[in-house]
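Each chain is listed here by its residues.
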Amino acid sequence: MVLPLQMLFFEDLSVGMTETLHKTIDSSDVVGFAEVTGDRNPIHLSEHFAAKTPFGTRIAHGLYTASLISAVLGTRLPGPGAVYISQTLHFRAPVKIGDTVEVKVAVAELVPEKCRARLACTCSVDGEIVLDGEAWVKVPSKDAGGRPAQRSSVASHAHGVLAPYAPTRARTHKQPTRCRCGAPPTSAFGVTADKAGV
């Protein structure tokens, strides 16, 4: 699964714009996610163990399915340069090995004065929603030179930047960074998730 990159500026967005991704979940995807995250819950890795659970078979990690939303946000809508602010997740049903997940991201709201967009996110299998939620992202503005205000490379990585940023010059004072498109200083980034049903 390699999505071609598409960079959209805030001015390119409109409510209702949609991007869709289809991904068939392979056993190697789940094993790889377990290795990267350290989540080795046997319900994801052992058919023998999973057979004794209500699911009856191995299931993908809920956050692996959620990460497919990030793939759309980071490569297509809005694409490179977008910065995650928050993401809510509601897990509705399990995703099994071999399932094909349809990921749909749609622009639900635009906040011009802050260059931010609210995106409705759903993941479905055979027409049934297995995960849904909303994302808020900061989007580069053409008027601001095409990039959000820079943060240090370490802080950007820790807080969900979807594209690499060059480190900024060291500061001698602690003033909040303001977005060049007029957004006020942002608060701490975070992801909230309701893990019921996983």
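That block above? That's the structure.
Heads up: these notes are all about the structure in this document. (Residues numbered from 1 in each chain as written. Predicted model: local features only at pLDDT ≥ 70, side-chain atom pairs only at ≥ 80, totals over all residues. Heavy atoms only, no water.)

This brings us to the environment of Cys123. You can see Cys123 is positioned in strand S4 (residues 116-125). Sequence spacing of Cys123 and Phe91 is 32 residues, and the spatial spacing of their C-alpha atoms is 9.5 Å. Those residues in contact with Cys123 that sit more than four places away from it in its chain are Thr65, Ile69, Val101, Glu102, Val103, Glu128, Ile129, Val130 and Leu131. (Helix = DSSP H or I, 4+ residues; strand = E, 2+ residues; numbered from the N terminus. Contact = heavy atoms within 4.5 Å.)

What follows covers the side chain of Arg118. Counting through the fold element by element, Arg118 comes out in strand S4. Among the polar contacts made by the side chain of Arg118, one reaches the side chain of Glu109 at a distance of 2.8 Å. In this structure, Arg118 is in contact with Ala106, Val107, Ala108, Glu109, Glu134, Ala135 and Trp136, ignoring residues within four places of it in sequence. (Polar contact = N/O pair within 3.5 Å; in protein donor to acceptor, adjacent residues only side chain to side chain.)

Turning our attention to the pattern of salt bridges. Taken as a whole, this structure holds 6 salt bridges when the rule is applied. As a salt-bridge pair, Arg118 and Glu109 come within 2.8 Å of each other at their nearest N and O atoms. Given the relative accessible area of 19%, Arg118 is considered buried. Given the relative accessible area of 31%, Glu109 is considered partly exposed. The partner of Arg118 in a salt bridge is Glu134, and the shortest N-O contact between them spans 2.6 Å. A residue pair is termed long-range when its members are at least 10 positions apart, and Arg118 in strand S4 and Glu134 in strand S5 (residues 128-138) qualify at 16 residues. The exposure class assigned to Glu134 is partly exposed, which follows from its relative accessible area of 32%. Here the residues in one salt-bridge network are Glu109, Arg118 and Glu134, joined through shared partners. (Salt bridge = Lys/Arg side-chain N within 4 Å of Asp/Glu carboxyl O. Buried < 20%, exposed > 50% of the residue type's maximum accessible area, 1.4 Å probe, protein only.)

Counting through the fold element by element, Arg76 comes out in the loop between helix H4 (62-75) and strand S2 (83-91). Under the relative-accessibility criterion, Arg76 is labelled buried at 17%. Among the polar contacts made by the side chain of Arg76, one reaches the main-chain carbonyl oxygen of Pro4 at a distance of 3.0 Å.

Attention now goes to the pairing of strand S1 (residues 18-24). What you see with S1 is a clean split: Glu19, Leu21 and Lys23 sit on the buried side and Thr18, Thr20, His22 and Thr24 on the side with no burial. Judged from the 7 bridges that link them, S1 and strand S3 (residues 100-111) form a sheet pairing that is antiparallel. Residue pairing across strands places Lys23 opposite Val101, the latter belonging to S3. (Pairing = 2+ DSSP bridges.)

For H4, built from 14 residues, the straight-helix expectation of 20 Å at 1.5 Å per residue is met to within 8% by its first-to-last C-alpha distance of 21 Å. A large share of H4 lies buried, amounting to 11 of its 14 residues. Along H4, the residues classified as buried are Gly62, Tyr64, Thr65, Ala66, Leu68, Ile69, Ala71, Val72, Leu73, Gly74 and Thr75. Its buried side turned inward, H4 meets S1, helix H1 (27-37), S2, S3, S4 and S5. (Expected span 1.5 Å × (residues − 1).)

Another aspect to go through is the nonpolar core. Membership of the largest hydrophobic core comes to 36 residues, with the highest contact counts inside it found for Ile69 and Leu119. Per-element tally for this core: the top contributor is H4, with 7 residues. With sequence-adjacent residues up to four places away left out, Leu119 is seen in contact with Leu73, Leu77, Pro78, Val105, Ala106, Val107, Ala108, Gly133, Glu134, Ala135 and Val137. (Core = buried A, V, L, I, M, F, W, Y, C linked by side-chain atoms within 4.5 Å.)

Along H1, the residues that are buried comprise Asp29, Val30, Phe33 and Ala34. Down the axis of H1, the smallest arc covering the buried residues is 135°, so these residues share one side. Exposed residues on H1 whose side chains face more than 90 degrees from its buried face are Glu35 and Val36. In the core, the buried residues of H1 are packed alongside S1, helix H2 (42-45) and H4. Downstream of H1 by one or two residues, Gly38 has phi in the positive range, about 85°. (Arc of directions from axis to C-beta.)

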